[in-house]
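Fold and contact review
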Amino acid sequence: MADKIARLTVDGFEGVIELPVYSGTEGPDVVDVRPLTGHGLFTYDPGFVSTAACESKITFIDGAKGILLHAGYPIEQLAEKSSYLETCFLLMNGRLPTKEEFEKFVGIIKGHTMVHEQMHNFFKGFRRDAHPMAIMVSVVGALSAFYHDSLDINNAKHREICAYRLIAKMPTIAAMCYKYSIGMPFQYPRNDLSYSENFLHMMFGNPCEEYIPNPILAKAMDKIFLLHADHEQNASTSTVRLAGSSGANPFACIAAGVATLWGPAHGGANEAVLNMLEEIGDAKNIPDFIDRAKDPKDSFRLMGFGHRVYRNFDPRANVMKKTCDDVLAELGIIDDPMLEIAKQLEQIALQDEYFVKRKLYPNVDFYSGIILKAIGIPSSMFTVIFALSRTIGWISHWNEFHSEPNKIGRPRQLYTGENKRDYPEK
Ligand code: ACO
């Protein structure tokens, strides 16, 4: 039922085209452009800058005000009071769990942390120096080959089991990608540990001695997971929805999300931040790089700055900055040269007219990269960790898509190629 009507006149078209306008609970109204096809018109919006591709109840962002809500709860409150796994429950169910429900949920996740033993064989097929994201995208897709008992996408119970499996197995797969790349034995998960402690154990433990996770680092890891859990219709989530719209199995859809996340304009940015800091090398080189970032003829951009949606500040970046300070203090890192470059870059960019005018602020990836480096995680693993964290967002959106009547995603185009012409006689 439309809340308002938009009226459109187009040169060369007779009369007025009436388009329904809907209001959500938050955010701008949306104009329903579907009647346009009946008038022989399409809308044109490369990059989906003004297109709402779906209706969703999971996450809301107000980029101008720097607001991020999951099922209505502000990200700052979740980061302070909740945990990653509780936020997973929230994203899956649209409400916080009771104590009993949460204990049951944690128990189920712990019951799924191991991967099928035959999955180990996949890793052996990769070159030792393969990028962990290359392994991740393949191994996640390969999960499709293992869990035939729960692949009916029209069965809500099956969709739920797939979500449990993914939340539980992604840390195991992520840590295996790392262990493989450094030639160390895989560490089996330890279910006596929390989600983030277990991840640190699988990353840094070895079979020869007991690994005791540092509680501050485990808390920071949990925050990184939580702050990346969902971000409404970003490129990778939209990809997962689009892949899901064809009826593809959930593991293949999540692999498509992992692939999309890999790019440096999206999840690859945290790795790109560290690579950029290394390239800058010395604080005295910062002005050159700032000049390059401002030069329209140079494709170089300051990685970790700017966001398609947040035009004032990224609320996740504020929490991440505080966590970054805690981690560096805990580890006694005060005069790291890379950190010094990061701090100076942040200050200069926050004051420079070019960045201020375009509202380019440090985003979540700017700080998460610094924290992960301090914890001892190599930059090639950063996007893998983002993928692990975002899996809950992807699977929640995929599940939401399949819980309602839906259509295959099929965008249209503005064709500017050749008109019809005949194949030449030879
Ligand atoms: N460094 C220098 N200039 C920049 C940057 C940057 N990081 N980001 C944007 N700009 C400039 C653009 O050149 C453009 O300038 P102009 O108006 O003079 O042409 C203006 O700011 C607007 O930029 P757009 O490209 O229109 O912004 P868009 O919304 O398309 O891009 C994006 C957003 C991709 C995040 C971009 O800011 C960027 O590339 N940032 C660096 C990569 C990064 O940190 N990505 C992480 C995103 S967060 C995430 O995925 C969790």
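Above this text is the structure in question.
Below is a short write-up of the structure. (Residues numbered from 1 in each chain as written. Predicted model: local features only at pLDDT ≥ 70, side-chain atom pairs only at ≥ 80, totals over all residues. Heavy atoms only, no water.)

In the vicinity of the ligand there are 20 residues, among which Arg301, Leu302, Gly304, Phe305 and Arg308 approach most closely. Within the contact set of the ligand, a nitrogen atom lies 3.4 Å away from a backbone nitrogen or oxygen of Ala265. Note that an oxygen atom of the ligand is positioned 3.0 Å from one of the side-chain N or O atoms of Asn363. A total of 920 Å² of accessible area belongs to the ligand in isolation, and the protein chains cover 74% of it. Each residue belonging to the shell around the ligand can be placed in one class, and the counts come to 10 nonpolar, five polar and five charged. (Near = heavy atom within 4 Å. Polar contact = N/O pair within 3.5 Å; in protein donor to acceptor, adjacent residues only side chain to side chain. Areas by Shrake-Rupley, 256 points an atom, 1.4 Å probe, with all protein chains shown as cover. Nonpolar A, V, L, I, M, F, W, Y, C, P; charged D, E, K, R; others polar.)

Further remarks concern the packing of helix H11 (residues 269-280) against helix H14 (residues 337-351). Running from N to C, H11 and H14 point in directions that differ by 100°, and their axes come no closer than 10 Å. On the basis of their axis angle, the class for H11 and H14 is roughly perpendicular. Counting all contacts with H11, which are made through Leu274, Met276, Leu277, Glu278 and Ile280, the residues of H14 involved are Met338, Ile341, Ala342 and Leu345. In the contact of H11 with H14, the residues fall into eight nonpolar, no polar and one charged. (Axes fitted to C-alpha atoms, helices over the stretch in contact; angles between N-to-C directions. Helix = DSSP H or I, 4+ residues; strand = E, 2+ residues; numbered from the N terminus. Parallel < 35°, antiparallel > 145°, perpendicular 65-115°, else oblique. Contact = heavy atoms within 4.5 Å.)

On to the sheet that holds strand E6 (residues 73-74), then. In space, the three strands of this open sheet follow the order E4-E5-E6, with antiparallel pairing throughout. Strands with a single pairing partner mark the edges of an open sheet, and in this sheet they are strand E4 (59-62) and E6. With two bridges joining them, strand E5 (residues 67-70) and E6 adopt antiparallel strand pairing. Bridge pairing links His70 to Tyr73 in E6. (Pairing = 2+ DSSP bridges.)

Further remarks concern the environment of Met119. One can find Met119 in helix H4 (residues 119-124). On the basis of relative accessible area, Met119 is assigned to the buried category, the value being 0%. Taking C-alpha positions, Met119 is 42 Å from Ser50, a pair spaced 69 residues apart along the chain. Setting aside residues up to four positions removed in sequence, Met119 forms contacts with Val139, Ala142, Leu143 and Phe146. (Buried < 20%, exposed > 50% of the residue type's maximum accessible area, 1.4 Å probe, protein only.)

Geometry only, nothing functional implied.
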